[in-house]
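# Structure at a glance
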Amino acid sequence: MRVRGFSRATPVVELLRRVGATSSLTGEKLTEPQVTAAVDGLCKELGIELASFTLFPSDEGLPRYVLLAEARAAPPPGAWEALRDGLDPAIAAHNSEYL
């Protein structure tokens, strides 16, 4: 943070960078390590070996996150649906403000 000047007696600050990657749609302050732990743990439980994934805020509808994931190999039948259904509870287990 850097003070860029003053507006009357109030400092005008510039945020230079954040420590860590965080997101907050409704005040949950979701961090990258929380999401990684949730997704990795759930995928291991479901037998999904991910090549990569990203979670990002949706720009339409109710506030929500969208998960895009790429598997290294075809996952077991029903695994993608189980990932979809289990993702919110898995994230909530790592972040008490989520949900």
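Before reading further, recall that the structure is shown in the block above.
Below is a summary of the structure that appears in this document.

The rules we used
- Residues numbered from 1 in each chain as written.
- Predicted model: local features only at pLDDT ≥ 70, side-chain atom pairs only at ≥ 80, totals over all residues.
- Heavy atoms only, no water.
- Helix = DSSP H or I, 4+ residues; strand = E, 2+ residues; numbered from the N terminus.
- Rg over C-alpha atoms; globule rule 2.2 N^0.38 Å.
- Buried < 20%, exposed > 50% of the residue type's maximum accessible area, 1.4 Å probe, protein only.
- Contact = heavy atoms within 4.5 Å.
- Areas by Shrake-Rupley, 256 points an atom, 1.4 Å probe, with all protein chains shown as cover.
- Lys, Arg positive; Asp, Glu negative; His and termini not counted.
- Charge placed at Lys NZ, Arg CZ, Asp CG, Glu CD.
- Core = buried A, V, L, I, M, F, W, Y, C linked by side-chain atoms within 4.5 Å.
- Expected span 1.5 Å × (residues − 1).
- Arc of directions from axis to C-beta.
- Patch = residues over 30% accessible without salt bridge, like charges linked within 9 Å, V, L, I, M, F, W, Y side chains within 5 Å.
- Salt bridge = Lys/Arg side-chain N within 4 Å of Asp/Glu carboxyl O.

In terms of helices and strands, the protein carries two helices and six strands. Reading the secondary structure of the protein in the N-to-C direction produces β-β-β-β-α-β-β-α. Its C-alpha radius of gyration of 18 Å places the protein more than 25% over the 13 Å reference for a compact globule of 99 residues. In terms of overall dimensions, the protein has a C-alpha envelope of 65 × 25 × 25 Å along the principal axes. When the 99 residues of the protein are sorted by exposure, 24% land in the buried category. Relative to all contacts within the protein whose residues are 6 or more apart in sequence, the contacts with residues 24 or more apart total 39%. For the protein, the accessible area works out to roughly 7200 Å², and carbon and sulfur atoms hold 53% of it. Across the protein, 10 positive and 13 negative side-chain charges occur, with their mean positions spaced 13 Å apart.

The subject of this paragraph is the nonpolar core. In this structure, Leu-30, Val-39, Cys-43, Ile-48, Leu-55, Leu-83 and Ile-91 are the most contacted members of the largest nonpolar core, which totals 17 residues. Of all the secondary structure elements, the ones that give two or more residues to this core are helix H1 (32-46), strand E5 (50-57) and helix H2 (79-94). With six residues, H1 is the single largest residue contributor to this core. If we skip the residues at most four places from it in the chain, Leu-30 touches Ala-21, Thr-22, Ser-23, Val-35, Leu-55, Tyr-65, Ile-91, Asn-95 and Tyr-98.

This part is about the environment of Leu-67. Residue position: Leu-67 is located in strand E6 (residues 65-71). For the pair Leu-67 and Phe-53, spaced 14 residues apart in sequence, the C-alpha to C-alpha distance is 7.1 Å. With residues near it in sequence (within four places) discarded, Leu-67 still touches Val-39, Phe-53, Thr-54, Leu-55, Leu-83 and Leu-87.

Here the focus is H1. Between the first and last C-alpha of H1 there are 21 Å, a value that for 15 residues agrees with the 21 Å anticipated at 1.5 Å per step. Looking only at H1, the buried set comprises Gln-34, Val-35, Ala-38, Val-39, Leu-42, Cys-43 and Leu-46. Across the axial projection of H1, the buried residues extend over an arc of 145°, all falling on one side. Away from its buried face, by an angle of more than 90 degrees, H1 presents the exposed residues Pro-33 and Lys-44. In this structure, the buried residues of H1 make contact with strand E4 (30-31), E5, E6 and H2.

There is a patch of nonpolar side chains on the surface, built from Met-1, Val-3, Phe-6 and Val-13 and spanning about 450 Å² of accessible area. For Phe-6, the position within the fold is in strand E1 (residues 2-7). Of the residues examined, Phe-6 reaches a relative accessible area of 59% and is grouped as exposed.

Further remarks concern unusual backbone geometry. Of note in the backbone geometry, Arg-8 takes a positive phi value of approximately 60° without being a glycine. When you line up the elements, Arg-8 lands in the loop between E1 and strand E2 (10-14). Although it is not a glycine, Leu-99 adopts a positive phi angle of roughly 80°.

In short, geometric facts, not functional conclusions.
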